[in-house]
Amino acid sequence: MRVIITDSYDQLGKQAAQLISDSINEKPKLVLGLATGSTPLGTYKSLIELHQKQQVSFKQVRTFNLDEYLGLGPDHPSSYHYYMYNNLFNQIDINPDNVRIPKGLSEDLDTECADYEKEIKGVGGIDLQILGIGVNGHIGFNEPQTPFGSRTRVVDLAQETIEANARFFDNRADVPRQAISMGIRSIMHARRIVLLANGASKAWAIERSLQGPVTEDVPASVLQLHPDVTVVLDREAAASLTL
Ligand code: PGA
């Protein structure tokens, strides 16, 4: 694992965006796994800036998002579909046909989850997977105790995730209790993984994931078993690491 500790959230975003942009310039048809939440917002802002400066084009890039809330359609402002278009896709030259986000309103969830896995496989697998991390160490919506062999499926959100994500909804009661999430195994199949974390609330999860035992109690600890992981942190998120 390569760990990069940056001075600020702004720097974290710039470094992560540069890394993504370099990968796209190396392989214009990159298959990119994307995350949502607060953490990657700075990265997406920096990617948009790089695109505006004509330093990167997304014309041939394909994307797969990690997860989506069950029951929220693409037009719901708290859906991850809406988030991705609002915070990135509308401001870059990506082809919407190359964008895949789990369908939170699908009426046949088993087929949707199986198709998702097949589509990733069909384009040769994910080249670069961006991840955030939950305060409990979750990646995607793979909460503690998720089997490492899990694939894309419907999951229940942990109570701490519901609390943490309530800020994106008008009322806490509006936070969906379930989501579609890529599994741990689906994530681990990516050729390269970049994990991002900022802020003191992530220090515990980062320390357990990078320097604790590999255990399903802390889902991100599985990343210790992956051959190509880069972790980009700010000082607060790195505060509990023994360096
Ligand atoms: P956050 O969420 O970026 O909003 O902190 C990260 C996550 O839950 O994976």
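Residues numbered from 1 in each chain as written. Predicted model: local features only at pLDDT ≥ 70, side-chain atom pairs only at ≥ 80, totals over all residues. Heavy atoms only, no water.

A. Structural context of helix α4 (residues 109–122). Look at α4: 19 Å from first C-alpha to last across 14 residues, which is about the 20 Å you get at 1.5 Å a residue. The complete set of buried residues in α4 reads Glu-112, Cys-113, Tyr-116, Glu-117 and Ile-120. Summarising the axial view, the buried residues of α4 lie within an arc of 135°, below the 170-degree limit, and thus occupy one face. Of the residues in α4, the exposed ones pointing more than 90 degrees away from the buried face are Asp-110, Lys-118, Lys-121 and Gly-122. The inward-facing, buried residues of α4 abut β3 (62–65), β5 (99–100), β7 (153–156), β8 (178–181) and α6 (184–188). Residue Gly-124 follows α4 closely and has a positive phi angle near 95°. (Helix = DSSP H or I, 4+ residues; strand = E, 2+ residues; numbered from the N terminus. Expected span 1.5 Å × (residues − 1). Buried < 20%, exposed > 50% of the residue type's maximum accessible area, 1.4 Å probe, protein only. Arc of directions from axis to C-beta. Contact = heavy atoms within 4.5 Å.)

B. Main features of the sheet that holds β7. An order of β4-β8-β7 is seen for the three strands of this open sheet, with the pairing classed as antiparallel. Of all strands in the sheet, those with a lone pairing partner are β4 (67–69) and β7, marking the two edges. Strand-to-strand, the axes of this sheet are offset by a mean angle of 30°, without reference to chain direction. Both β4 and β8 contribute to a ladder of three bridges, which runs antiparallel. Counterpart to Asp-67 in the pairing with β8 is Ser-181. (Pairing = 2+ DSSP bridges. Axes fitted to C-alpha atoms, helices over the stretch in contact; angles between N-to-C directions.)

C. Geometry of the environment of Ser-150. By the secondary structure assignment, Ser-150 is in the loop between β6 (128–131) and β7. Along the sequence, Ser-150 and Arg-185 sit 35 residues apart, while their C-alpha atoms lie 5.4 Å from each other. Not counting the four nearest positions on each side in its chain, Ser-150 is found in contact with Asn-142, Gly-183, Ile-184, Arg-185 and Ser-186. From its side chain, Ser-150 meets the backbone oxygen of Pro-147 in a polar contact 2.8 Å long. In this structure the side chain of Ser-150 is engaged in a polar contact, spanning 3.0 Å, whose partner is the backbone nitrogen of Ile-184. (Polar contact = N/O pair within 3.5 Å; in protein donor to acceptor, adjacent residues only side chain to side chain.)

D. Expanded view of the site of the ligand. Every residue close to the ligand is listed here: Gly-37, Ser-38, Thr-39, Gly-132, Ile-133, Gly-134, His-138, Arg-167 and Lys-202. Interatomic distance of 2.5 Å between a side-chain N/O atom of Thr-39 and an oxygen atom of the ligand. Partitioned by chemical class, the residues of the shell around the ligand number one nonpolar, six polar and two charged. (Near = heavy atom within 4 Å. Nonpolar A, V, L, I, M, F, W, Y, C, P; charged D, E, K, R; others polar.)

E. Examining the packing of helix α1 (residues 9–26) against helix α2 (residues 41–52) more closely. Put simply, α1 and α2 touch, their axes get as near as 7 Å, and they point 55° apart. The angle between α1 and α2 falls in the class oblique. Read as a crossing pair, α1 and α2 show a hand that is right-handed. Seen from α1, the contacting residues are Tyr-9, Gly-13, Lys-14, Ala-16, Ala-17, Gln-18, Ile-20 and Ser-21; seen from α2, they are Leu-41, Gly-42, Thr-43, Ser-46, Leu-47 and Leu-50. A per-class count over the contact of α1 with α2 returns seven nonpolar, six polar and one charged. (Parallel < 35°, antiparallel > 145°, perpendicular 65-115°, else oblique. Left-handed = near helix turned anticlockwise from the far one by under 90°.)

F. Up close: the sheet that holds β6. A sheet is described by the order of its strands in space; here seven strands give the open sequence β1-β10-β9-β6-β2-β3-β5, paired in parallel fashion. Two strands in the sheet have a free side with no partner beyond their single neighbour: β1 (2–6) and β5.

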